[in-house]
Amino acid sequence: MMRFLMAAVFSAVLSLSMVSAPVSAATNKDEQQTILLKKKKLAQAAKLKAQKIEQAKAKQDAFKKLQAQKLAVEERKTQLASGKKCKFLECLFGKRQPRVTRNGFFQNASFGSQSGVSTASKRKTIEWTETKYPVGSIIIRTPERALYYVKGDGEAIRYAVGVGREGMQWSGNSTIVAKAEWPSWTPPQTMIEREAAKGHFIPDFMEGGPGNPLGARAMYIGGKLYRVHGTNNESSIGGAVSSGCIRMMNADVIDLYDRVKIGAKIYVYQ
């Protein structure tokens with residue numbers, strides 16, 4: 001009898017252990033999944049926090065950069081107003097103002113006294129047989145560094161010019177939409193930002209005058225982004241030097257200005 005009771009107890013204990021083992025395994029698996037899920041959520045939260053910190057830092061850096069650019073522009077304005085030279089403008093366009101001397105410069109009443117304009121010229125009248133261009137039109141041949149004004153009667157005037165730097169040259173047909181004597185200069189915002197990124201700060205506006213990079217005259221092409229204009233650095237004529245505009249000697253641009261009419265055709269070949 002005793003043996004029978006002991007066998008029964010052993011059988012019951014064995015059965016209980018067999019039932020509880022799967023339940024315990026299932027419980028451990030659920031706990032592991034819960035722990036993994038918590039870890040995943042913590043990792044996602046940490047990643048999101050890091051992204052927010054990085055975005056905030058990027059915004060702060062962009063704000064600091066913008067403030068530095070604005071401050072630099074204001075400093076340049078102050079320098080220009082006080083008569084100090086802007087080194088970057090000298091690098092980009094040459095010296096600010098030619099010296100007025102007895103020979104080689106003359107007074108221009110349209111701008112005022114003591115406005116020196118060089119009388120040096122690189123223009124000449126040539127034979128012209130290309131009849132497809134209307135009289136009064138302008139043809140610019142970038143590789144030649146030359147601008148032609150069609151006079152008619154088989155003649156044209158050839159002017160030496162400076163053209164856009166590599167990567168800033170362009171070609172196409174358009175018209176002269178406006179003209180200005182001693183034009184002011186408002187650099188495009190893209191130019192200000194591009195040069196500021198290089199550490200070069202330029203003013204957002206310059207009054208017209210002998211120290212202005214646009215020189216004595218300007219003729220605006222199409223949407224006014226590009227111009228045919230004079231220069232305060234005549235040694236640059238004949239080079240690839242500009243940001244896309246066509247640059248002429250001041251005496252030559254004045255001569256062309258007096259000939260060209262609003263609406264004149266202009267053809268630029270690269």
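Note that the structure is a prediction, hence the values are computed from the model and not measured.

Analysis parameters
- Residues numbered from 1 in each chain as written.
- Predicted model: local features only at pLDDT ≥ 70, side-chain atom pairs only at ≥ 80, totals over all residues.
- Heavy atoms only, no water.
- Buried < 20%, exposed > 50% of the residue type's maximum accessible area, 1.4 Å probe, protein only.
- Helix = DSSP H or I, 4+ residues; strand = E, 2+ residues; numbered from the N terminus.
- Arc of directions from axis to C-beta.
- Salt bridge = Lys/Arg side-chain N within 4 Å of Asp/Glu carboxyl O.
- Lys, Arg positive; Asp, Glu negative; His and termini not counted.
- Polar contact = N/O pair within 3.5 Å; in protein donor to acceptor, adjacent residues only side chain to side chain.
- Contact = heavy atoms within 4.5 Å.
- Core = buried A, V, L, I, M, F, W, Y, C linked by side-chain atoms within 4.5 Å.
- Phe/Tyr/Trp six-rings, centres within 6.5 Å; stacked < 30°, edge-to-face > 60°.

Trainee: Help me understand helix α3 (residues 189-197), please; the structure alone is not making it clear to me.
Mentor: Because the α-helix completes a turn every 3.6 residues, residues three or four places apart line up on one side. Residues of α3 that are buried: M191, I192, E195 and A196. Taken around the axis of α3, the buried residues stretch over an arc of 130°, which confines them to a single face. Facing away from the buried side of α3, by more than 90 degrees, are the exposed residues T190 and A197.

Trainee: Just checking my understanding: could you explain the pattern of salt bridges for this structure?
Mentor: Between side chains of opposite charge, a pair can form as their charged atoms come close. Overall, the coordinates contain five salt bridges when judged by the stated rule. R141 is paired through a salt bridge with E130; the nearest N and O atoms lie 2.9 Å apart. With R141 in strand β4 (residues 138-141) and E130 in the loop between β3 (123-127) and β4, the pair connects residues that are eleven residues apart, well separated along the chain. Since its relative accessible area comes to 27%, E130 is described here as partly exposed.

Trainee: Even after reading the chapter, I still don't get unusual backbone geometry, so can you show me in this structure?
Mentor: Most peptide bonds adopt trans geometry, and most residues besides glycine take a negative phi value. Phi is positive for R145, which is not a glycine, with a value near 55°. Its place among the elements puts R145 in the loop between β4 and β5 (146-152). A positive phi angle, close to 45°, is found at W182, a residue other than glycine. Position of W182 among the secondary structure elements: in the loop between β7 (172-181) and α3. Take W182: its relative accessible area is 8%, and that puts it in the buried class.

Trainee: Looking at this structure, how should I read the side chain of R247?
Mentor: As for its position among the elements, R247 is in strand β11 (residues 246-248). Here R247 sits buried without a salt bridge, and the closest side chain of opposite charge, E234, lies 10 Å off (N-O distance). Within the local environment of R247, its side chain forms a polar contact with the side chain of S236, the two groups lying 2.9 Å apart.

Trainee: Explain the environment of D255 here, please?
Mentor: If you trace the backbone, D255 turns up in helix α4 (residues 250-259). Here the alpha-carbon distance between D255 and S121, two residues 134 residues apart in the chain, equals 9.7 Å. Non-local contacts of D255, meaning those with residues more than four positions away in its chain, are made with R123, I157 and Y159. Among the polar contacts listed, one links the side chain of D255 to the side chain of Y159, at a separation of 2.6 Å.

Trainee: What's the story with the nonpolar core in this structure? I'm lost.
Mentor: Nonpolar side chains in soluble globular proteins tend to be buried together. Membership of the largest hydrophobic core comes to 26 residues, with the highest contact counts inside it found for I138, L147, V228 and L256. Looking at this core, the elements with two or more residues in it are β4, β5, β6 (155-164), β8 (217-221), β11, α4 and β12 (265-269). If near-sequence neighbours (up to four positions away) are discounted, I138 is found in contact with L147, Y148, Y149, I176, L256, V260, K265, I266 and Y267. One finds W128, Y133, Y148 and Y267 within the second-largest nonpolar core, a separate group that totals eight residues.

Trainee: What exactly am I supposed to notice about the packing of aromatic side chains here?
Mentor: Aromatic ring pairs are reported here in terms of the distance separating the ring centres and the angle at which the planes meet. Taken as a whole, this structure holds four aromatic pairs when the rule is applied. Consider the rings of W128 and Y148, whose centres lie 5.3 Å apart with planes at 40°: the pair is tilted. In this pair, W128 is assigned in the loop between β3 and β4 and Y148 in strand β5, connecting sequence segments 20 residues apart. Since its relative accessible area comes to 7%, Y148 is described here as buried. Look at W170 and Y226: their rings are 5.0 Å apart centre to centre, the planes differ by 15°, and that puts the pair in the stacked class. With W170 in the loop between β6 and β7 and Y226 in strand β9 (residues 226-229), the pair connects residues that are 56 residues apart, well separated along the chain. The class for W170 is buried, based on a relative accessible area of 18%. Given the relative accessible area of 25%, Y226 is considered partly exposed. Taken together through their ring pairs, the aromatic side chains of W128, Y133, Y148 and Y267 make up a single cluster.

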